[in-house]
Amino acid sequence: MVVSVLAVLGVIAVAVRQRPGFGRELVVMPPNVVLRSDALAGVNVVIDPGHGGTDPGAVRSGVTEASLNYRMASVLAVVVRQAGGIPWFTITSASLSTNLVEGEAEPPLTEPIDAMSREAPDVALRSGREDTQSLYRRGDYATRIQRDHGDTTVFIALHHDAADNSIKRGGIVLWESRQRTPPPLVLSLTARFTRLHLVSGRQGRHLGVLAPAHNEVTDRVLMELATISNSADRRGAMDPVWRWRVARHLAAAIAAR
Ligand SMILES: [Zn+2]
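Residues numbered from 1 in each chain as written. Predicted model: local features only at pLDDT ≥ 70, side-chain atom pairs only at ≥ 80, totals over all residues. Heavy atoms only, no water.

The next subject is the overall build of the protein chain. Scanning the protein chain for helices and strands turns up six helices and ten strands. Taken over 257 residues, the protein chain has a buried fraction of 51%. Long-range contacts, defined as pairs at least 24 residues apart, comprise 79% of the intrachain contacts of the protein chain with a sequence gap of at least 6. Of the accessible surface of the protein chain, which amounts to about 11,900 Å², a share of 56% is contributed by carbon and sulfur atoms. (Helix = DSSP H or I, 4+ residues; strand = E, 2+ residues; numbered from the N terminus. Buried < 20%, exposed > 50% of the residue type's maximum accessible area, 1.4 Å probe, protein only. Contact = heavy atoms within 4.5 Å. Areas by Shrake-Rupley, 256 points an atom, 1.4 Å probe, with all protein chains shown as cover.)

Below, the structure is given as structure tokens:
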């Protein structure tokens with residue numbers, strides 16, 4: 001009797017601890033991965049930080065998706081360069097930096113309200129939520145980089161998701177369903193990030209930044225890196241340790257495609 005009462009109490013305790021919003025869920029912290037200095041030699045990595053300007057993207061608990069996207073874009077650019085690749089940003093903004101140093105104090109997350117499209121500075125990001133024409137310009141930029149700098153070009157759009165409930169967590173790998181099959185980069189990212197429990201899988205959609213009439217880069221992808229309506233995912237997304245590790249896994253997946 002005593003044993004079964006203890007067993008029942010134990011089950012209740014576990015259930016309470018695992019209930020979302022009750023206590024602190026753990027951040028899914030990926031293991032560190034080391035990249036060779038030539039892992040991305042000669043690869044053009046077009047990095048597209050989602051939202052910016054007057055469009056903050058998702059907002060939860062005072063944190064904007066755009067600030068997280070732009071900081072992750074900055075970290076990924078540093079990692080790409082360390083691995084011998086060539087990073088390109090689709091956007092200009094003071095929130096984008098290639099001078100961050102891992103382990104050193106980072107500047108506070110900033111809102112990229114100054115964001116401008118590299119391809120069409122006059123149309124983009126100045127009118128509330130970003131419109132489709134502005135998203136197309138991001139794809140146009142990737143196409144130009146590929147034409148000017150060679151075929152070894154990949155395109156990665158960086159986003160953080162949000163959901164109506166706080167239970168949903170983890171990201172997803174999105175590919176352009178007007179491509180006949182998911183490109184190698186999508187398969188590589190899905191395999192790695194599913195294994196790390198950071199994404200739930202991949203999904204094909206029609207996406208402005210990946211639209212085939214504008215973005216001619218075959219290996220193109222939009223990553224939802226985490227779901228910031230979940231408090232643990234949000235803590236992870238704001239943690240520089242998490243960010244540098246995730247960025248290296250992104251680069252490793254690009255190298256392995
Ligand atoms: Zn977004």
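Below, the discussion takes up the coordination of the zinc ion. Note on the zinc ion: its protein donors are His-51 (NE2), Glu-65 (OE) and His-159 (ND1). The metal-donor distances range over 2.1 to 2.2 Å. In the primary sequence, the donor residues of the zinc ion line up as H-x13-E-x93-H. Here Glu-65 lies in helix α2 (residues 65-82) and His-51 lies in the loop between β1 (44-49) and β2 (59-60), a separation of 14 residues in the sequence. Classification of His-51 by relative accessible area gives buried; the value is 16%. (Donors = N, O, S within 2.8 Å, 3.2 Å for Na, K, Ca; no water.)

The α-helix winds at 3.6 residues per turn, so residues separated by three or four positions along the chain end up facing the same way. Among all positions of helix α5 (residues 231-238), only Ala-232, Asp-233, Arg-234, Gly-236 and Ala-237 are buried. Each element contacted by the buried residues of α5 is listed here: β2, β3 (63-64), α2, β7 (153-161), β10 (220-227) and α6 (240-255). Here α5 starts with a cap whose side-chain oxygen sits 3.1 Å from the backbone nitrogen of Ala-232, and that cap is Asn-230. (Polar contact = N/O pair within 3.5 Å; in protein donor to acceptor, adjacent residues only side chain to side chain.)

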